[in-house]
Amino acid sequence: MRTFRYERGTDPGQAMALVAGEPDAAYLGGGTNLVDLMKLGVARPRLLVDVTRLPLDSVEPLPDGGLRIGATVRNSELAAHPAVRRDYPVLARALLAGASGQLRNMATVGGNLLQRTRCYYFQDVSRACNKREPGAGCSALDGQNRDLAILGWSPQCVATHPSDMAVALTALDAVVEVLEPAGAREIPLTEFHRLPGERPDQETTMAPGGLVTAVRIPALPYARRSTYRKARDRASFAFAAGSVAAAIDLDGPLVREVRLGYGAVAHRPWRARLAEEALRGRPATEENFRLAVDEELALARPLAHNAFKIPLIRNLTVRTLVELTEGSAAGTSTGRDPGRRRDGDGDDGTPERGR
Ligand SMILES: Cc1cc2nc3c(=O)[nH]c(=O)nc-3n(C[C@H](O)[C@H](O)[C@H](O)COP(=O)(O)OP(=O)(O)OC[C@H]3O[C@@H](n4cnc5c(N)ncnc54)[C@H](O)[C@@H]3O)c2cc1C
Ligand code: SF4
């Protein structure tokens, strides 16, 4: 690890000015991603500006019924927040499906959104990687790409975004509040992360040196009927092989509204707008769920080792929507709380403890 200076931010403007004044500076949230990358030599900042003491650590209700979540709120606090658990179970479950309890106690909302890809070649400085070094080439395109993208990739980069939280926020139409050298700005989460295109090193639409100050979730009453389902290689902590965030609103047997986000399939959390469109106004049946997700997945271009993600996402989506609509006018009556895991599912590995 090369030597670096450490400063503690006292207010958002001062923290941003410190970073803007130093080309090799980075914000330090919980450090659970950045410090690992510094040890590997992937990140080499000369200045770290610690943002964890900034006054951005509260979750506030908004007049319209939504929530404003400060950028330094810890992932475990957010998952346990009563309003999140009650009104946005998809977000609570996505957070609890991410990492381990110890990591969630350190990880912040801003750091989680801006965590870097887990592509092995990105983390190995001896391998060519356009994201680390533009123009170097992409080792994953013809290498070990089992965990990488099936949607929206370019020949420059096939990496995926690793955050579970961001997939739920994508489905909830969250907005990211940022402070940039030119002033404050709001960016819809669906536009915050970039697809790789020709510049996979540019990961967000935020200006260089930008500080995430908060994330806003609008009111979405039907999100009380929402959940997150994650498939991973082992039941303890692991990144997703594929994941689905879903919220659905029914009008009798018909789908009035639906929100779907997919994780571990693209360079950014993927909002499945084609599937949503295909479902609106249609009967909430398993067959229609399958047809809708197939419309979205028609866009998929699997790599040599990850075609399994197509049936994985299809099955996760169908199963999630069936679970959410069980007990409604459209489904069979089971009396289950749609936001809760079914005993024995085991495919999302979310521990019941601590909810
Ligand atoms: C073993 C392991 C397993 C994991 N499993 C999962 C998982 O299953 N799902 C999942 O989603 N995540 C997982 N994670 C990742 C973990 O969630 C992230 O490391 C964490 O969320 C990052 O948050 P942080 O506050 O520690 O960020 P940091 O490491 O401090 O920062 C990450 C990046 O964000 C930038 N940054 C931080 N705060 C701000 C801000 N306010 N504004 C602008 N930039 C900022 C930093 O400069 C840095 O580039 C895992 C991590 C580990 C180590
Ligand atoms: S997929 Fe992206 S991050 Fe991975 S090696 Fe290729 S360019 Fe680098």
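Residues numbered from 1 in each chain as written. Chains lettered and ligands numbered in written order. Predicted model: local features only at pLDDT ≥ 70, side-chain atom pairs only at ≥ 80, totals over all residues. Heavy atoms only, no water.

The name given to the protein in an unreviewed UniProt entry is Xanthine dehydrogenase YagS FAD-binding subunit, and the organism recorded there is Plantactinospora soyae.

### Digging into the overall build of the protein
The condition that has to hold: Helix and strand assignments follow DSSP, with helices taken as H or I runs no shorter than four residues and strands as E runs no shorter than two, numbered in order from the N terminus. The quantity called the radius of gyration is restricted to C-alpha atoms. Its globule counterpart is 2.2 Å times the number of residues to the power 0.38. Relative accessible area decides the class of each residue, using a 1.4 Å probe on protein chains only: under 20% of the type maximum gives buried, over 50% gives exposed, and in between gives partly exposed. By definition, residues are in contact when any of their heavy atoms lie within 4.5 Å. The method behind every accessible area is Shrake-Rupley, applied with a 1.4 Å probe, and residues are considered shielded solely by the protein chains displayed. This count recognises Lys and Arg as positive and Asp and Glu as negative, with His and chain-terminal groups excluded. By convention, the point assigned to a charge is CZ for Arg, NZ for Lys, CD for Glu and CG for Asp.
What the protein contains, in helices and strands, is 13 helices and 12 strands. Expected size for 355 residues packed as a compact globule is a radius of gyration near 20 Å; at 20 Å, the protein falls within 12% of this value. Residues counted as buried form 54% of the 355 residues belonging to the protein. Within the protein, contacts between residues separated by at least 24 positions form 64% of all contacts whose residues are at least 6 apart in sequence. If you sum the accessible surface of the protein, you get close to 15,100 Å²; carbon and sulfur atoms cover 51% of it. Computed over 47 positive and 43 negative side-chain charges, the inter-centroid distance for the protein is 4 Å.

### So, the packing of helix α12 (residues 286-297) against helix α13 (residues 309-325)
Packed helices, taken two at a time, are described by their axes: the angle between them and the distance between them. What counts is decided by this rule: Each axis is a line fitted through C-alpha atoms, and for a helix only the stretch in contact is used; angles between axes span 0 to 180 degrees, taken between their N-to-C directions. Crossings are sorted by hand: turned counterclockwise from the far helix by less than a right angle, the near helix makes the crossing left-handed, and turned clockwise it makes it right-handed. Residues are grouped as follows: nonpolar covers Ala, Val, Leu, Ile, Met, Phe, Trp, Tyr, Cys and Pro; charged covers Asp, Glu, Lys and Arg; every other residue, Gly included, is treated as polar.
Interaxial distance between α12 and α13 falls to 9 Å at its minimum, and their mutual angle equals 145°. In this structure, the crossing between α12 and α13 has a hand that is right-handed. Every residue of α13 that contacts α12 at E286, F289, R290, V293, D294 and L297 is listed here: I310, I313, R314, N315, T317, V318, L321, V322 and T325. Looking at the contact of α12 with α13 residue by residue, the class counts come to 8 nonpolar, 3 polar and 4 charged.

### Concerning the site of ligand 2
Convention followed: Summary of the distance rule: residues count as near a molecule or strand when at least one heavy atom falls within 4 Å of that molecule or strand.
Inspection of the region around ligand 2 gives 14 residues, with C119, C129, C138, C157 and V158 positioned closest. Of the residues contributing to the shell around ligand 2, the split by class is 10 nonpolar, 3 polar and 1 charged.

### As for the environment of L312
Mapping L312 onto the fold places it in helix α13. Apart from residues lying up to four places away in sequence, L312 is in contact with A231, A241 and G242.

### Let's talk about the UniProt feature "domain: FAD-binding PCMH-type" (unreviewed entry) in the protein
Rules: UniProt positions are given in the numbering used here, feature names are shortened, and annotations may be inferred rather than shown by experiment.
UniProt tags residues 1-222 as "domain: FAD-binding PCMH-type" (unreviewed entry). Strand forms 17% of residues 1-222 and helix 28%; the C-alpha atoms that close the span are 48 Å apart.

### Notes on the site of ligand 1
Operational definition: Here a polar contact is taken to be a pair of N or O atoms separated by no more than 3.5 Å, where protein atoms must pair a possible hydrogen donor with a possible acceptor and residues adjacent in sequence count only if both atoms sit in side chains.
Among the 34 residues in the neighbourhood of ligand 1, the closest are listed as Y27, G29, T32, T108 and D164. T32 is positioned such that a nitrogen or oxygen atom in its side chain is 2.7 Å from an oxygen atom of ligand 1. Between an oxygen atom of ligand 1 and a side-chain N or O atom of T108, the distance comes to 2.6 Å. Computed on the free molecule, ligand 1 has an accessible area of 980 Å², of which 91% lies beneath the protein chains in the complex. Counting residues per element, the ones that place at least two in the shell around ligand 1 are β2 (25-28), α2 (34-40), α7 (109-113) and β8 (211-217). Its residues assigned to classes, the shell around ligand 1 comprises 16 nonpolar, 14 polar and 4 charged.

### Re the pattern of salt bridges
Formally: A pair is scored as a salt bridge if a Lys or Arg side-chain nitrogen falls within 4 Å of a carboxyl oxygen belonging to Asp or Glu.
Within this structure, the stated rule accounts for 26 salt bridges. A salt bridge links R68 to E177, with the shortest nitrogen-to-oxygen separation between them at 2.7 Å. In this pair, R68 sits in strand β5 (residues 67-70) while E177 sits in strand β6 (residues 175-180), placing the two residues 109 residues apart along the sequence. Of the residues examined, R68 reaches a relative accessible area of 25% and is grouped as partly exposed. Taken together, the shared-partner salt bridges connect D173, E257, R259, R271, E276, E277 and R280 into one network.

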